Amino acid sequence: MLKVSENKTTLLSENSVIAQMSTFDHEQVLFCQDNATGLKAIIAVHNTVLGPALGGTRMWKYNNEMEALNDVLRLSRGMTYKAAITGLNLGGGKAVIIGDSYTQKSEALMRRFGKFVESLGGKYITAEDVGISTKDMEYVKMETDYVSGLPVSLGGSGDPSPVTAFGVYMGMKAAAKELTGSDSLTGKKVMVQGVGHVGQVLVDYLAKENAKVFVADINELRVKEVAEKYKATVINGDDVFDVDMDIYAPCALGATINDNTLTRLKCSIIAGAANNQLADEKVHGVKVMDKGIIYAPDFLINAGGLINVNSEVEGYGRERSMEMASNIYNTTLDIIKKSKSENIPTYLAANQMAENRIEAIGKVKLPY
Ligand code: NAD
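Just so you know, these numbers come straight off a predicted model, no measurement behind them. (Residues numbered from 1 in each chain as written. Predicted model: local features only at pLDDT ≥ 70, side-chain atom pairs only at ≥ 80, totals over all residues. Heavy atoms only, no water.)

Enquirer: What should I look at first to understand the overall build of the chain in this one?
Expert: Broken down by element type, the chain carries 14 helices and 12 strands. For 368 residues, the compact-globule estimate of 2.2 N^0.38 gives 21 Å, and the C-alpha radius of gyration of the chain, at 21 Å, lies within 12% of that figure. Burial analysis of the chain (368 residues in total) assigns 53% to the buried set. In the chain, once contacts between residues fewer than 6 apart in sequence are set aside, the share between residues at least 24 apart is 65%. Surface accessibility of the chain: about 16500 Å² in total, with carbon and sulfur atoms responsible for 51%. A distance of 2 Å separates the average location of the 39 positive side-chain charges in the chain from that of its 44 negative side-chain charges. (Helix = DSSP H or I, 4+ residues; strand = E, 2+ residues; numbered from the N terminus. Rg over C-alpha atoms; globule rule 2.2 N^0.38 Å. Buried < 20%, exposed > 50% of the residue type's maximum accessible area, 1.4 Å probe, protein only. Contact = heavy atoms within 4.5 Å. Areas by Shrake-Rupley, 256 points an atom, 1.4 Å probe, with all protein chains shown as cover. Lys, Arg positive; Asp, Glu negative; His and termini not counted. Charge placed at Lys NZ, Arg CZ, Asp CG, Glu CD.)

If you want it as structure tokens, here you go:
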């Protein structure tokens, strides 16, 4: 289960959809097409052992269908691991709508998409992602109840960013504890790259703990405001990777841990909110470890957003979400310990813990 398939049937060509699904053991893929609204979408359900597959819907101008399929398969699998490591009773799923989110979206298209989500009978629960707005989700909600991450005014859990930022802060503190014996960040030099929804709240936590904060953002106005408010030092552009820092917190975009930046980074901890921070998991996960840097796996410490969305599914509030996000501290400690004792990169330790949980809970469920 969940492992790369070793014995693909010879009846399937390399590029066939089912062959691709079998590579990472996806359960189901639904192709959605509707001429009247122009909808072209793919919903991927990776694994539902722990619960319904939850994951956002992304609208993107993919160059071709295979690109869209690859993206939805990769992203849905990521959601399985994120939910499993966080201890949630959710599986992994994702949806992509092929098209330009600025020019090709309409109420009818989103509602037609909602009908497809509904047709899965709760096996897949959708939410917002890139190219999809709260308004779009309101349209989806008109056709299905299998939607989460709605605004508070619609009875939803609202902006997940504060919970995400808290989880990242917890993961950072756990890494500090493992490195120095204390989880205090007082006096630690922290470089926060990206001070958007998550980064800004993270800076708030760090400033309250008297960390020495550096901030960077391509939005000059925003970074100036944040720097002034929290007495942080602004770093421009690529200089981020040359700063004399203890902790690097990528909170903007992925793949910033790569061959180039690893020769420059002087930090001892990497802990941030951005997804897919390691440019190539297998290569850079090992390189980070070899450099003696503790890497708090992104999909674990940024799971606060998923915890928040899950609160709508389970019916609990913000307080409980924060409580659950605080547990990211303990899980991060467990992963770093496993990584050290087995001499494996932290991302791999986290993957294995997620797989073990799915396997164990899968057995609990069998008697039903
Ligand atoms: P956001 O769009 O609000 O903020 C991102 C910030 O990064 C923006 O201010 C943007 O100007 C800045 N930025 C973009 N490119 C940059 C660059 N090259 N250098 C410096 N700054 C740059 O996004 P967010 O909600 O704060 O999320 C931050 C990251 O965390 C994203 O990668 C997101 O996928 C991930 N994430 C967010 C959540 C959540 O709850 N919001 C949950 C999980 C993961």
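Enquirer: I would appreciate a short explanation of the site of the ligand in the present structure.
Expert: By nearness alone, 18 residues border the ligand, and Thr164, His197, Val198, Asp217 and Arg222 come closest of all. Take alanine 273: an N or O atom from its main chain is 3.3 Å from an oxygen atom of the ligand. Across the complex, the protein chains shield 72% of the 830 Å² of accessible surface that the ligand would expose by itself. Looking at the shell around the ligand, the elements with two or more residues in it are helix H5 (161–180) and helix H6 (197–208). (Near = heavy atom within 4 Å. Polar contact = N/O pair within 3.5 Å; in protein donor to acceptor, adjacent residues only side chain to side chain.)

Enquirer: Whenever I open this one, helix H11 (residues 304–314) confuses me. Can you help?
Expert: In terms of burial, H11 is largely enclosed, as 8 of its 11 residues are buried. Those residues of H11 that fall on the buried side of the exposure criterion are Gly304, Gly305, Leu306, Ile307, Asn308, Val309, Asn310 and Ser311. Close packing links the buried residues of H11 with strand S3 (53–54), helix H2 (65–86), H5, helix H12 (318–326) and helix H13 (328–342). Just past H11, the residue glycine 315 takes up positive phi, approximately 80°.

Enquirer: Please explain the packing of H12 against H13 as it appears in this structure.
Expert: Packed helices, taken two at a time, are described by their axes: the angle between them and the distance between them. Closest axis-to-axis distance for the H12/H13 pair is 4 Å, and the angle between their directions is 15°. The pairing of H12 with H13 is recorded here as roughly parallel in orientation. Residue-level inspection shows Met324, Ala325 and Ser326 of H12 in contact with H13, the latter providing Ile328, Tyr329 and Asn330. Of the residues assigned to the contact of H12 with H13, the class counts are 4 nonpolar, 2 polar and no charged. (Axes fitted to C-alpha atoms, helices over the stretch in contact; angles between N-to-C directions. Parallel < 35°, antiparallel > 145°, perpendicular 65-115°, else oblique. Nonpolar A, V, L, I, M, F, W, Y, C, P; charged D, E, K, R; others polar.)

Enquirer: Is there a simple way to think about the side chain of lysine 94 in this case?
Expert: Position of lysine 94 among the secondary structure elements: in strand S5 (residues 91–98). Within the local environment of lysine 94, its side chain forms a polar contact with the side chain of aspartate 129, the two groups lying 2.8 Å apart. When near neighbours in sequence (up to four residues on either side) are disregarded, lysine 94 contacts Ile42, Ile43, Ala44, Gly55, Gly56, Val72, Leu75, Ser76, Met79, Tyr124 and Asp129.

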